[in-house]
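Remarks on the overall topology
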Amino acid sequence: MVRETPPEAGTLLLVGHNPGLEELILALAGDALDDALDRIRVKYPTSALAVLAWRGTSWRALAPGAALLTAVTVPRGGPR
């Protein structure tokens with residue numbers, strides 16, 4: 001689905017369920033700011049939000065390990 005996104009779309013929001021969403025994040029993130037990647041590996045809680053940055057020009061070119069996990073936000077009251 002991601003690779004089929006038109007190149008004009010500069011930002012993409014994906015909404016999904018685990019384990020698929022967590023697996024996608026871990027596959028795309030080659031690195032992370034702070035301990036964000038370690039936190040995802042331990043647990044990606046319900047309603048969490050992960051932000052990945054990527055400098056490609058075509059979504060078709062997005063490959064495993066090509067993105068940077070820049071943030072993980074967990075709803076208030078959930079595990080951090």
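Each chain has its residues counted from 1, running along the sequence as written. Totals for whole chains, interfaces and linings use every residue, but because this is a predicted model, local features are given only for residues with pLDDT of at least 70 and side-chain atom pairs only at 80 or more, for both listing and counting. Each side-chain value is derived from all of the structure's non-hydrogen atoms; neither hydrogens nor water enter the calculation.

Some remarks on the overall build of the protein chain
Let me state the cut-off plainly: Helix and strand assignments come from DSSP, with helices taken as H or I runs of at least 4 residues and strands as E runs of at least 2, each series counted from the N terminus. A simple rule labels every residue: compare its accessible area, found with a 1.4 Å probe on the protein chains alone, to the largest value its type can have, and call it buried under 20%, exposed over 50%, or partly exposed in between. By the convention used here, residues are in contact when the closest approach between their heavy atoms is within 4.5 Å.
For the protein chain, the helix and strand inventory stands at two helices and three strands. If you list the helices and strands of the protein chain from N to C, you get α-β-α-β-β. Overall, the protein chain is about 35 × 20 × 20 Å in size when its C-alpha atoms are taken along their principal axes. Taken over 80 residues, the protein chain has a buried fraction of 26%. The contacts in the protein chain between residues at least 6 apart in sequence include a share of 61% that link residues at least 24 apart.

Comments concerning unusual backbone geometry
The amide bond that connects N18 to the next residue, P19, takes the cis arrangement and shows omega of 10°. Topologically, P19 is positioned in the segment before α1 (20–28). The residue S47 is not glycine, and still its phi comes out positive at about 70°.

Considerations on the nonpolar core
Rules: Among buried residues, those of type Ala, Val, Leu, Ile, Met, Phe, Trp, Tyr and Cys that are joined through side-chain atoms within 4.5 Å constitute a nonpolar core.
Of all hydrophobic cores here, the largest spans 13 residues; its most connected members are I25, I40, Y44, L69 and V72. Contact partners of V72, with chain neighbours within four places excluded, come to A36, R39, I40 and L49. The next biggest cluster of nonpolar side chains, apart from the first, holds five residues, and it includes V2, L28, W59 and L62.

Remarks on the packing of aromatic side chains
Condition: Pairing of aromatic rings covers Phe, Tyr and Trp, the last counted by its six-membered ring, and requires centre-to-centre distances within 6.5 Å; plane angles under 30 degrees mean stacked, over 60 mean edge-to-face, and any other angle means tilted.
Within the structure shown, the criterion is met by one aromatic pair. Ring centres of W54 and W59 lie 5.5 Å apart, and the angle between their planes is 35°; this geometry places the pair in the tilted category. Assessed through its relative accessible area of 12%, W59 is described here as buried.

Side note on the environment of R60
Relative to the elements of secondary structure, R60 occurs in the loop between β2 (49–53) and β3 (67–73). With relative accessibility at 61%, the residue R60 sits in the exposed group. For R60 and A9, which are 51 residues apart along the polypeptide, the C-alpha to C-alpha distance reads 12 Å.

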